[in-house]
Structures are given as C-alpha cells and as structure tokens.
Amino acid sequence: MSNQNLLERSLKAVWHPCTQMKQHEMLPLVPIARGEGVWLHDFDGGRYLDAISSWWVNLFGHANPRINAAICDQLDRLEHVMLAGFTHEPVVQLSERLSKLAPGKLGHCFYGSDGASATEIALKMSFHYWHNSGHPGKTGFISLQNGYHGETLGALAVTDVALFRETYAPLLRHGTHVLTPDWRYAAEGESPKDYALRAAAELENHLAQHHAGIAALIVEPLVQGAAGMGMYHPDYLKLAREICDKYQVHLIADEIAVGFGRTGTLFACEQADIAPDFLCLAKGLSGGYLPLSVVMTTDKVYQAFYHDETARGFLHSHTHSGNALACRAALATLDIFEQDEIIAANRIKAHYLNRAAQPFTSHPKVKNFRNCGMIWAFEVKTSDPAFAGKFFQAALKQELLLRPLGDTVYFMPPYVINEQEMDLLVAGTLQTLDSC
Ligand SMILES: *Cc1c(COP(=O)(O)O)cnc(C)c1O
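A. Region of the structure containing the sheet that holds strand β2 (residues 39–41). Reading across from one edge, β1-β2-β3-β15 is the order of the four strands in this open sheet, with mixed pairing throughout. Each of the sheet's edge strands pairs with one partner strand only, and the pair in question is β1 (34–36) and β15 (400–401). Here β2 pairs with strand β3 (residues 47–50) via three bridges, running antiparallel. Following the sheet pairing, tryptophan 39 is matched in β3 by leucine 49.

Shown next, in the form of structure tokens:
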C-alpha cells in the first residue's frame, strides 16, 4: 500500500464528511497507515502530530496499549448484544461509574452511538418529560448563538452555525438562539464576567416571556467548540441553572466535546458547581476509540416515564445502544483517569504549554490567545477566506495536524502529549503562521 494508491481509491469510493469533495482535486487527502501516541503515520514515512485529537475524541493517544488490551479481552467474551431486554457487565459498570463521577445525581444512563444521537435523546426526553408531567405545551428549545450540538435534523435545529444550517433551514424546527456568553463578543472594556452576566440577563428576559412554551435550554458548558473555541465565564452556567429552575425549564449540558477533562475538570459543569437535568457525553467517552454516547439524567425525569402504560416510556432506540466493546473502551479510559491521576497531571502539562506558547500572546498576527484546561485557541488576523485550508496544508509540512475553524487556530491535543511534543507543536505552529 502507498499513500498515492490509497488516496486515489478513497476519492473514488468514499464520500468524506464535512467536505466539498471537488476541493480534493487540489488538496490531497492524508492517508494514515497507523497511529501511536500523539502521532499519525502515513505509508511513506510521513508523520503528523494529532494536535486536535482527531476531531476532539482521542484522550490517551492512538493505539493506547491499555485500551487496546481491554477491547481485545472484551472481544473474546462478548462483542455486542442488544440492550432491549438484555444487559451485560460493561454497560452496567460504566453506568455505575459515570453516575458516581458526574455532577449532581444523574443516576440513569441512556446510550446512543454518536454525539448527535445524544442531543436527539436529550431533546426528546425533555419534551416527553413535560408531556408526561401535564405540561404538553412545553415543546420549544432554546440554545446559544453559535452553539453546536450535531447535524441530524433535531440537533441541527438547536445548532447555530450558518454553513451547516442554511441549506437545510426548511427542514428544521424553529428554535431561539439567545445571546452567547463567549467573551470575544464583549463590548470594549467589558470583562468576560460582566459580559456573562449580561448574556444571562438576556436569557432571563427571554424565559420570563416564553417559558410556558419551552422545554429546555441546551448549552455547551464553558467552551463553544465549533464556534471557534469560544470560552466563557462559569458564572453564566450558574445563572443559567438558577434561571432554568425559576422558570421550570430543563438545562441540557452538552459536554460531548468538553467532558472528560478538556476544560481542566472532569466535567465542565463542575467549575460552576452546577448539575444539569441532562448531561450528554460522547467523543472522549470511549477514549475516542468507538462510537458511543450517553445521556445521563435524574431520578425525577426517570420516574416521569415509569408507568404501566407503554407509550409513557421512552421508546427511543439505537441498534448499537450500549455496545459492549465501546463500553469496555470507556471503562479502560476511566481506569486511566484514575490510575494516572490525569486531571492533576494535565494541570502540569497545561502550565508547560502555556509557558511554551508565550510567543503567541505578543505575535503580530495573533488575537485573543486563550486557554481553558487542555484547549488552546487564538484568532489569526487574516482577510483570506481560504485561510483555514491553507493553514491546514502548511501545518502538515511541519508534521502537525491542525484544522482551523475559520480564522481560529486551536490545540486540543491527546493528554499523552509530552514536553518535547508540546515544544514541537508550538515551534511548528509559529513556522506555519510565518508561512501563511
Ligand atoms: C461533536 C459534537 C456533537 C456531535 O457529535 P457527533 O458524534 O459528531 O454526532 C455535539 N455537540 C458537541 C458540543 C460536539 O462538539
């Protein structure tokens, strides 16, 4: 197998996601033969440091020996069994452990396959809860401006990214996007905290008028990923929780991207000391290995479905719900968090990378250099609409996988990145900035 052979066959047979395929007439695909730690290797001796954890999923490196061993062990026992009417050890253990780790009392785990299915589950459950509880008029959802919750039709309706939405607008249910707390939108001289309070006040105004028709508010806690790593003050979440309680509206925390240590705590909600009514997890849940998502919720929600009548139950299903291999990968991932005290270890890594990244803070092409836990981002001053693609290409030449969101360059490395690799990441990014 060679790079050239594989990419030619791929372009014939595979329709790649999030891609205008015609652009591959100019931009070659990157064929990957194997991965090891933070590195992806091609067939011809090339390698790339996976600085974005393969779309934010990989926590402990590619081909992690401990996760591999757990999956191999599970493979010999049970690869999959349907979860309606049946159960198995990995799904029970995972549910028990997640419930202990998650904020608040989220004792009931409902499984899906990917992030978008978790969003769909949370939206349907919230609506159905109100329906079962004598509030059938609570059918609406509100979300944040620039929020991203996935791209199936229900999830896209609460997503606010024009490029992904506009074409499909006639298919989407109407919802309201309220002011984002992302501090890049603060007024001149307004602190991130003051701006968060202003955004919360707008949320309250909206709910004061419309709460009777609203089932839930869905947010990405602390960092709006697809918006370009828009970061915001935790007080927004604190206030959002209070406001939702006051107006009888569910709070759905979409921690699909920010969960599992990305923001410096295991879950982002911890930093606001709040618990949501629904917690959506995916991406890093299985260490990035296998498609797995979960929606965790409270006893109160669960009890509203528990009834003699079948239709009052939550009849939603995904065929691979609670897949045993994926759950086992998730358990191995949680083991690594515990055994290697990852949250504390990441603090030291983040400190190192923040020091190494000092040159960005005064770089003439860089704006808004920011960090939250294991996420770093900055905007590049450019007027080139093709900037993201050009930067991506130039970074590959520096052995870096970086995939800017518009003019936002970000790092979201696997947690196994070492100091030497962080130095390479910074040096290669500076070189890339100079070359485009
Ligand atoms: C990635 C993402 C999703 C969608 O997850 P998929 O697995 O791609 O469907 C939803 N919400 C957030 C915050 C995400 O980052």
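B. Structural view of helix α1 (residues 3–13). Turning to α1, its buried residues are Asn3, Leu7 and Ser10. Viewed along the axis of α1, the buried residues span an arc of 60°, placing them on a single side of the element. When the buried face of α1 is taken as reference, the exposed residues oriented beyond 90 degrees from it are Lys12 and Ala13.

C. A look at a nonpolar patch on the surface. There is a patch of nonpolar side chains on the surface, built from Leu153, Tyr168 and Leu171 and spanning about 310 Å² of accessible area. Along the chain, the position of tyrosine 168 falls in the loop between α7 (162–165) and β6 (176–178). Take tyrosine 168: its relative accessible area is 42%, and that puts it in the partly exposed class.

D. A look at the pairing of strand β7 (residues 214–219). Burial of β7 is extensive: six of the six residues sit out of reach of the surface. Direction of pairing for strand β5 (residues 140–144) relative to β7: parallel, over a ladder of four bridges. Looking at the pairing, glycine 140 lines up with isoleucine 214 of β7. With four bridges connecting them, β7 and strand β10 (residues 250–254) associate as parallel partners. For leucine 217, the partnering residue across the bridge sits in β10 and is leucine 251.

E. Just the packing of helix α12 (residues 342–356) against helix α15 (residues 419–435), in detail. Between α12 and α15, the shortest axis-to-axis distance is 10 Å and the interhelical angle comes to 35°. Our pair here, α12 against α15, has a crossing hand that is right-handed. On the side of α12, the interface is formed by Lys349, Tyr352, Leu353 and Ala356, while α15 contributes Glu419, Met422, Asp423, Leu425 and Val426. The class makeup of the residues in the contact of α12 with α15 is six nonpolar, no polar and three charged.

F. Just the site of the ligand, in detail. Neighbouring the ligand are Trp56, Asp114, Gly115, Ala116, Tyr148, His149, Gly150, Glu220, Asp254, Ile256, Ala257 and Lys283. Aspartate 254 is positioned such that a nitrogen or oxygen atom in its side chain is 2.7 Å from a nitrogen atom of the ligand. At a separation of 2.6 Å, an oxygen atom of the ligand approaches a polar side-chain atom of lysine 283. Calculation on the ligand without its partners gives an accessible area of 380 Å², and the protein chains cover 82% of this total. Taken together, the residues of the shell around the ligand sort by class into five nonpolar, three polar and four charged.

G. Region of interest: unusual backbone geometry. In this structure, tryptophan 56 takes a positive phi of about 75° despite not being glycine. Along the polypeptide, tryptophan 56 turns up in helix α2 (residues 53–56). Of note, the phi angle at leucine 222 is positive, near 70°, even though the residue is not glycine. Here leucine 222 lies in the loop between β7 and β8 (223–224). In this structure leucine 222 comes out as buried when scored by relative accessible area, which is 2%.

H. A look at the environment of alanine 427. Position of alanine 427 among the secondary structure elements: in helix α15. Sequence separation between alanine 427 and glutamine 398 is 29 residues, and the spatial gap between their C-alpha atoms is 8.9 Å.

I. Inspection of the nonpolar core at higher detail. One finds Leu98, Tyr236 and Phe260 to be the most contacted residues of the largest nonpolar core, which totals 111 residues. Ranked by residues supplied to this core, first place goes to helix α11 (residues 324–339) with ten residues. Once residues within four sequence positions are removed from consideration, tyrosine 236 is found in contact with Leu144, Val178, Leu179, Pro181, Ala196, Ala199, Ala200 and Leu203.

J. Fine view of helix α14 (residues 387–397). Within α14, the full set of buried residues consists of Phe387, Phe391, Phe392, Gln393, Ala394, Ala395 and Leu396. Next to the buried residues of α14 lie β3, β14 (375–380), β15, β16 (408–411) and α15. After α14 finishes, the residue glutamate 399 shows a positive phi value of roughly 65°.

About the thresholds
- Residues numbered from 1 in each chain as written.
- Predicted model: local features only at pLDDT ≥ 70, side-chain atom pairs only at ≥ 80, totals over all residues.
- Heavy atoms only, no water.
- Pairing = 2+ DSSP bridges.
- Helix = DSSP H or I, 4+ residues; strand = E, 2+ residues; numbered from the N terminus.
- Buried < 20%, exposed > 50% of the residue type's maximum accessible area, 1.4 Å probe, protein only.
- Arc of directions from axis to C-beta.
- Patch = residues over 30% accessible without salt bridge, like charges linked within 9 Å, V, L, I, M, F, W, Y side chains within 5 Å.
- Areas by Shrake-Rupley, 256 points an atom, 1.4 Å probe, with all protein chains shown as cover.
- Salt bridge = Lys/Arg side-chain N within 4 Å of Asp/Glu carboxyl O.
- Axes fitted to C-alpha atoms, helices over the stretch in contact; angles between N-to-C directions.
- Left-handed = near helix turned anticlockwise from the far one by under 90°.
- Contact = heavy atoms within 4.5 Å.
- Nonpolar A, V, L, I, M, F, W, Y, C, P; charged D, E, K, R; others polar.
- Near = heavy atom within 4 Å.
- Polar contact = N/O pair within 3.5 Å; in protein donor to acceptor, adjacent residues only side chain to side chain.
- Core = buried A, V, L, I, M, F, W, Y, C linked by side-chain atoms within 4.5 Å.

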